[in-house]
Amino acid sequence: MAELVGNCLIGQSGGLSAVNNASVAGIVAEALNHEAVEEVYGALNGVQGILNEHFVDLAAELQQAIRGLRYTPGAALGSCCTRLTKEADVARAIEVFKANNVRYYFHIGDGDAQKSAAKIAEAANEKGYELCVIGVPKTINNDIPITDHCPGYGSAVKYIATTVRELAVDADAIGQGDLVTIVEVMGRNTGWLAAGASLAKRCGQPSDAPHLVYVPEVAFSLAKFIEDVRLVLERERHAFVVVGEGLVDKDGSYVAVEANNIADAVQFGGVGDFLKKQIKFQVGAKVRVLCLGVAQRAAAHLASKADADEAYLAGQAAVRAAIAGETGKMVTLVRGDSDAYSCETGLTSLTELAGAVKKLPRAWINEDGVSLNFQFFRYALPLIQGEVTVPFDNGIPAYIRLGKDLINRTLPAYESWCVEE
């Protein structure tokens, strides 16, 4: 494919992260360096913005605002949990791209969200419309396969581990062998985030919190859990427990999930409260439960510099790949082979991601099933290094907002809606 000349479009989709916008900043900065890119647009609320032709002019934004994206959490363009599933919606997307001469599309999202990017790339090829589609990985869950790790993960576990260490200091001051702290973290069906809490431990200090870490990759036993807690309370001033929201028992059934009216969907949450009741009934200890919730993905004041820099790098790499004629690919992060940590970018086919979820390796979990070994620490520690400089105003982080100058629509309003899943 010869170098295309036209406009580029950026869309954000799915759950957010502290460094999600850093990838937008990387795409914009790199796109402005290439003559083949005439205009740089952003789709408001991901694929919903594409279908409704709600585009904003990112080249018109103040450079200070674009730079500010590197330390601002959330999704500056707005996100959505919508996927392109209907043929009419995909056809509409191509129609919108043609009408706006969009030749480069960059889709920032998790593995599930990248299905929409794959459909757009496939449809453009079938319809003979020259379009380069590149996915940019993003998820705090770190469950996208093929890439070594995902932008957003390092900052999330930096926040989790920091919070665990601070809460442990508090608990140690008041515990008398009768206090249990349970911290419930996100992660859905994987234990990457729960495992990250282990980074709160100091080297050579096995008594440091968290004392017990439960991940979905290890079948949960309530009887063993109660015994584990009792043993910790016998030797420590308090017991500190971290649990992944998607814990399952030996039969594969969730230990606790919240009710959801959406068919075939799981609303994670509630495992911490469930375990609190069990401890109070069977152990008789005082229990406090903290569900960190969306704070795990929004705490940019504790973002990892390594994570933010790699998110920006992924955005730049996406543009370079597209300009080179690549399409239907997703940027990956590739770890160097040397002892000193390094990271480069690669590419993988979007079709390779279909239905795949990267689990926390069982070999990284000790035989006790409640602690992580050196392999995980070697993997995760480089990802939380460094701090992002965030400007403060009157003692509060001064995050930016884009001006969002709307581009005039060229097509009639779209009456159909894609399915939200």
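The structure this text deals with has already been given above.
I will try to describe carefully the structure that is included in this document. (Residues numbered from 1 in each chain as written. Predicted model: local features only at pLDDT ≥ 70, side-chain atom pairs only at ≥ 80, totals over all residues. Heavy atoms only, no water.)

Running from N to C, helix H4 (residues 87–99) and helix H5 (residues 114–126) cross one another at 70°; their axes reach a closest spacing of 9 Å. When the axes of H4 and H5 are compared, the pair comes out roughly perpendicular. As H4 packs across H5, the resulting crossing turns out to be right-handed. Together, Val90, Ile94 and Phe97 of H4 and Lys119, Ile120, Ala123 and Ala124 of H5 make up the contact between the two elements. Each residue belonging to the contact of H4 with H5 can be placed in one class, and the counts come to six nonpolar, no polar and one charged. (Axes fitted to C-alpha atoms, helices over the stretch in contact; angles between N-to-C directions. Helix = DSSP H or I, 4+ residues; strand = E, 2+ residues; numbered from the N terminus. Parallel < 35°, antiparallel > 145°, perpendicular 65-115°, else oblique. Left-handed = near helix turned anticlockwise from the far one by under 90°. Contact = heavy atoms within 4.5 Å. Nonpolar A, V, L, I, M, F, W, Y, C, P; charged D, E, K, R; others polar.)

Before going further, it helps to spend a moment on the pattern of salt bridges. Under the criterion given, the structure shown has 15 salt bridges. Note that Asp208 and Arg202 form a salt bridge whose closest N and O atoms lie 2.7 Å from each other. Given a relative accessible area of 11%, Asp208 falls into the buried group. A salt bridge links Arg235 to Glu236; its shortest N-O distance comes to 3.5 Å. Classification of Arg235 as exposed rests on a relative accessible area of 52%. (Salt bridge = Lys/Arg side-chain N within 4 Å of Asp/Glu carboxyl O. Buried < 20%, exposed > 50% of the residue type's maximum accessible area, 1.4 Å probe, protein only.)

So, on to the packing of aromatic side chains. The geometry of an aromatic ring pair is captured by two quantities: the separation of the ring centres and the angle between the planes. Scanning the entire structure with this criterion turns up 12 aromatic pairs. Look at Trp192 and Tyr379: their rings are 5.3 Å apart centre to centre, the planes differ by 40°, and that puts the pair in the tilted class. With Trp192 in helix H7 (residues 192–196) and Tyr379 in helix H12 (residues 374–380), the pair connects residues that are 187 residues apart, well separated along the chain. Of the two residues, Trp192 and Tyr379, both sit in the buried class. Over the face of the ring belonging to Tyr312 we find Arg70, whose NZ or CZ atom lies 3.6 Å from the ring centre. For the cation-ring pair, Lys358 lies above Trp192, with the distance from its terminal atom to the ring centre recorded as 5.3 Å. (Phe/Tyr/Trp six-rings, centres within 6.5 Å; stacked < 30°, edge-to-face > 60°. Lys NZ or Arg CZ within 6 Å of the ring centre and 35° of its normal.)

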